[in-house]
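Residue strings, one per chain:
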Amino acid sequence: MKRILVTGGAGFLGAHICERMLDSGHKVICLDNLYTGSMANIAHLSGNPRFEFIEWDVCDPIDIAVDEIYNFACPASPPHYQADPIRTMKISFHGAINMLDLARKHGAKVMQASTSEIYGDPLVHPQTETYWGNVNSTGIRACYDEGKRAAETLFYDYHRQHGTNIRVVRIFNTYGPGMNAGDGRVVSNFIVQALGGDDLTVYGDGSQTRSFCYRDDLVEGIIRLMNAPDHVTFPVNIGNPNEFTVKQLAEVVLELTQSKSRLISLPLPQDDPTQRCPDISRAKEFLDWEPSVQLREGVLKTIAYFSKQRSEPSRLETR
Ligand code: NAD
Ligand code: UDP
């Protein structure tokens, strides 16, 4: 039995990692300040004697003996990470340092939840891990993109300078049950809007692309990366390489919800990447991983989840 720390463990992805780790028989410490996460996400785990929740800000140092750390604390949705951009950068930077110091002290392995956003508005397509990216350092997305890039830098500097055992996963757009109705990202927005009979808010002309990965596929890839041989310290893309335009996604959601909602166009936010698709050759080669849930199946499962949630009031408004 390992002692596993999951920062951001009350969030969409973190809660599912906690669940998978408990299922594997480990002791799980979930550290979260509930900034965008919620106790509801981990309510079903709280009765497990191997589960512990600590309400804590990852910007503050903490000392607990652990074997593995999944550093997932950070708001991930643009409206949330842009609401307090200075704080977003602090969370990425100080959170990474605190978790790297903790890993160093206890000889733990530490994983950073990095992101496809480190590629910015990519000029290389699909994105390989060797691409250095195209980020506007002064734009409204930079607090997240540059924060995550700085965190990666810290991970590689701790690895080179102190021999810290690191893992870096670059996560591409992931969706699924457990997202907050008010999360603000496109899949949850469209499903919540379609179920409520509201217009689907397409930003720009909807021709920008994303490649949507179902939560369970993503978390499986993450766990395989954590358990990969020690030389797998390089960044690894985890995502679904099937690419869709935002408009295509809207049409799939309308069809699967059988909603009569219309599509309306809202302004495209600044620096919104025009295309995004992971090259997952590394994940295939080193983790023997590729996603198995395709968009329609995953969206159907997510629709079922939000249909159930509809009676519960959402804590945050969609933008
Ligand atoms: P989320 O917003 O649901 O979860 C983030 C969690 O971190 C929340 O529970 C929140 O309360 C917590 N948190 C935020 N600031 C904190 C702080 N200072 N101290 C402690 N806890 C804090 O988002 P998510 O989709 O689950 O994303 C989790 C991680 O994965 C993030 O680091 C995100 O950048 C990364 N990621 C996610 C995606 C995706 O598509 N879901 C894509 C790329 C990267
Ligand atoms: N988007 C949209 N309508 C929404 C929310 C998002 O058209 O209600 C678009 C957004 O402009 C972007 C894409 O969908 O082009 C994915 O946005 P999301 O916030 O989910 O993720 P990210 O931009 O971080 O990839």
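Presented here is a report on the structure given in the accompanying data block. (Residues numbered from 1 in each chain as written. Chains lettered and ligands numbered in written order. Predicted model: local features only at pLDDT ≥ 70, side-chain atom pairs only at ≥ 80, totals over all residues.)

## Looking at the site of ligand 1
If you check the shell around ligand 1, you find 27 residues, and the closest are Gly8, Gly11, Phe12, Gly37 and Ala73. Ranked by the residues each element gives to the shell around ligand 1, the list is headed by helix H1 (residues 12–23), at 3 residues. Tallied by class, the residues present in the shell around ligand 1 amount to 15 nonpolar, 10 polar and 2 charged. (Near = placed C-beta within 6 Å. Helix = DSSP H or I, 4+ residues; strand = E, 2+ residues; numbered from the N terminus. Nonpolar A, V, L, I, M, F, W, Y, C, P; charged D, E, K, R; others polar.)

## Some words on the sheet that holds strand S6 (residues 165–171)
On the basis of which strands lie adjacent, the open sheet formed by 7 strands has the order S3-S2-S1-S4-S5-S6-S11 and parallel pairing. The strands lining the two open edges of the sheet, one partner per strand, are strand S3 (51–55) and strand S11 (235–238). Each strand axis lies, on average, 20 degrees off the axis of its neighbour in the sheet, ignoring direction. Bridge count between strand S2 (residues 27–32) and S3: 5 bridges; the pairing is parallel. Within S3, the residue paired with valine 28 across the bridge is phenylalanine 51. Sheet strands in contact with helix H3 (residues 85–106) are strand S1 (3–7), strand S4 (68–71) and strand S5 (109–115), and its direction is about 175 degrees off that of S4. (Pairing = 2+ DSSP bridges. Axes fitted to C-alpha atoms, helices over the stretch in contact; angles between N-to-C directions. Contact = placed C-beta atoms within 7 Å.)

## A few points about unusual backbone geometry
That bond from histidine 125 to proline 126 is cis: its omega, -10 degrees, falls within 30 degrees of zero. With respect to the secondary-structure elements, proline 126 resides in the loop between S5 and helix H4 (142–162). The residue leucine 34 is not glycine, and still its phi comes out positive at about 65 degrees. Here leucine 34 is to be found in the loop between S2 and S3. Notably, aspartate 271 is not glycine yet its phi reads approximately 65 degrees, a positive angle. Take aspartate 271: it is sitting in the loop between strand S13 (263–266) and helix H8 (281–287).

## Details of the site of ligand 2
Neighbouring ligand 2 are 14 residues; Arg185, Val186, Asn189, Thr201 and Tyr203 lie closest to it. When residues of the shell around ligand 2 are traced back to their parent elements, those giving at least two are helix H5 (186–195) and strand S8 (200–203). With 3 residues, S8 is the single largest residue contributor to the shell around ligand 2. A per-class count over the shell around ligand 2 returns 6 nonpolar, 5 polar and 3 charged.

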